[in-house]
Amino acid sequence: MDKVCAVFGGSRGIGRAVAQLMAQKGYRLAIIARNLEVAKAAAGELGGDHLAFSCDVAKERDVQNTFEEMEKNLGRVNFLVNAAGINRDSLLVRTKTEDMISQLHTNLLGSMLTCKVALKTMIQQQRGSIVNVGSIIGLKGNSGQSVYSAGKGGLVGFSRALAKEVARKKIRVNVVAPDN
């Protein structure tokens, strides 16, 4: 069976580093970012037959369409990495509601949506692995990052609960919380 890995947020930072490692381990990769050109550049640097896709993880239809395209062009995704994230540092009293919603949609809802779609195939296959990229800030908090902390802290709870939901289906769910 093909090893296919989807890396949301794979065009830069931790996602890009994960994509490089997965390519070395023989995975066929889908590099997903909001900006298709940036995703294509990152996929091209990996060599091989890796593909790039554009997706706003906060939009369910975008996520569904992206998974359909990945399956059509790469095969079934059996490894999912959620590294897409945004941060708009600001004291809570100065944070615009739109910025709160945007951060929570990208940093928490986006991972929930990608997991929901990926699990349909993983459950059918009775195998799979999901890694959600959180942050130490989600565990300990930080001044000026209350909204970011809430989203990443929520991702920890979500990942732990989801791991318990799908463990019997031989699907692993982990969350990592690197120090920013």
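Up top you'll find the structure we're talking about.
Conventions we followed
Residues numbered from 1 in each chain as written. Predicted model: local features only at pLDDT ≥ 70, side-chain atom pairs only at ≥ 80, totals over all residues. Heavy atoms only, no water. Core = buried A, V, L, I, M, F, W, Y, C linked by side-chain atoms within 4.5 Å. Buried < 20%, exposed > 50% of the residue type's maximum accessible area, 1.4 Å probe, protein only. Helix = DSSP H or I, 4+ residues; strand = E, 2+ residues; numbered from the N terminus. Contact = heavy atoms within 4.5 Å. Salt bridge = Lys/Arg side-chain N within 4 Å of Asp/Glu carboxyl O. Pairing = 2+ DSSP bridges. Axes fitted to C-alpha atoms, helices over the stretch in contact; angles between N-to-C directions. Disulfide = S-S within 2.5 Å. Right-handed = clockwise from strand over helix to strand, strands pointing away. Phe/Tyr/Trp six-rings, centres within 6.5 Å; stacked < 30°, edge-to-face > 60°.

**Points about the nonpolar core**
Judged by nonpolar contacts, the single largest core of 29 residues is most densely connected at Ala-6, Phe-8, Ile-32, Phe-67, Met-70 and Leu-80. Taken together, the elements giving at least two residues each to this core come down to strand 1 (4–8), strand 2 (28–33), helix 3 (60–73), helix 4 (97–125), helix 6 (146–166) and strand 6 (171–176). With 7 residues, the single largest contributor to this core is helix 4. In contact with Met-70, other than residues within four places in its own chain, are Ala-6, Phe-8, Ala-30, Ile-32, Phe-53, Gly-75 and Val-77. Membership of the second largest hydrophobic core comes to 17 residues, among which are Ala-19, Leu-29, Ala-43 and Ala-83.

**A short note on the pattern of salt bridges**
It is possible for side chains of opposite charge to pair when their charged atoms get near one another. Going through the model one piece at a time under the given rule, you end up with 8 salt bridges. Asp-49 serves as the salt-bridge partner of Arg-28, at 3.2 Å between the closest nitrogen and oxygen. Residue Arg-28 is found in strand 2, and its partner Asp-49 is found in the loop between helix 2 (36–45) and strand 3 (51–54); the two are separated by 21 residues along the sequence. Residue class for Asp-49 comes out partly exposed when judged on its relative accessible area of 43%. Linking Arg-34 and Asp-56 is a salt bridge whose minimum nitrogen-to-oxygen distance equals 3.8 Å. Here the residue Arg-34 occupies a position in the loop between strand 2 and helix 2, and Asp-56 occupies one in the loop between strand 3 and helix 3, the gap between them amounting to 22 residues.

**Comments concerning the sheet that holds strand 4 (residues 79–82)**
Pairing is parallel in the open sheet, where 6 strands are placed in the order 3-2-1-4-5-6. In this open sheet, the two edge strands, each paired with only one partner strand, are strand 3 and strand 6. Strand-to-strand twist across the sheet, computed as the mean angle between neighbouring axes with direction ignored, equals 15 degrees. With 4 bridges joining them, strand 4 and strand 5 (residues 128–133) adopt parallel strand pairing. By the bridge assignment, Phe-79 is partnered in strand 5 with Ser-129.

**Structural notes on the state of the cysteines**
Tallied over the entire structure, the rule returns 0 disulfides. Here Cys-5 is not cross-linked by a disulfide; its sulfur's nearest cysteine counterpart is in Cys-115, at 13 Å. Note on Cys-55: no disulfide assigned, nearest cysteine sulfur contributed by Cys-115 at a separation of 13 Å.

**Description of the pairing of strand 4**
On a regular strand, each side chain points to the face opposite its neighbour's, so the side chains alternate between the two faces of the sheet. What you see with strand 4 is no split at all: Phe-79 and Val-81 on one side and Leu-80 and Asn-82 on the other are buried throughout. Alignment of strand 1 against strand 4, held across 4 bridges, turns out to be parallel. Residue pairing in the sheet places Phe-8 in a bridge with Asn-82 of strand 4. A crossover connection joins strand 4 to the parallel strand 5 through helix 4; in handedness this β-α-β unit is right-handed.

**Concerning the packing of aromatic side chains**
The tally for this structure, following the rule as stated, stands at 2 aromatic pairs. Centre to centre, the rings of Tyr-27 and Phe-79 are 5.7 Å apart; their planes meet at 70 degrees, and the pair counts as edge-to-face. Residue Tyr-27 is located in the loop between helix 1 (13–24) and strand 2, and its partner Phe-79 is located in strand 4; the two are separated by 52 residues in the primary sequence. When sorted by exposure, Tyr-27 lands in the same class as Phe-79, which is buried.

**With respect to the environment of Gly-75**
As for its placement among the helices and strands, Gly-75 is situated in the loop between helix 3 and strand 4. Residue class for Gly-75 comes out partly exposed when judged on its relative accessible area of 21%. For Gly-75, the residues in contact, after removing those within four places along its chain, are Val-4 and Met-70.

Don't take any of this as a statement about function, it's just geometry.
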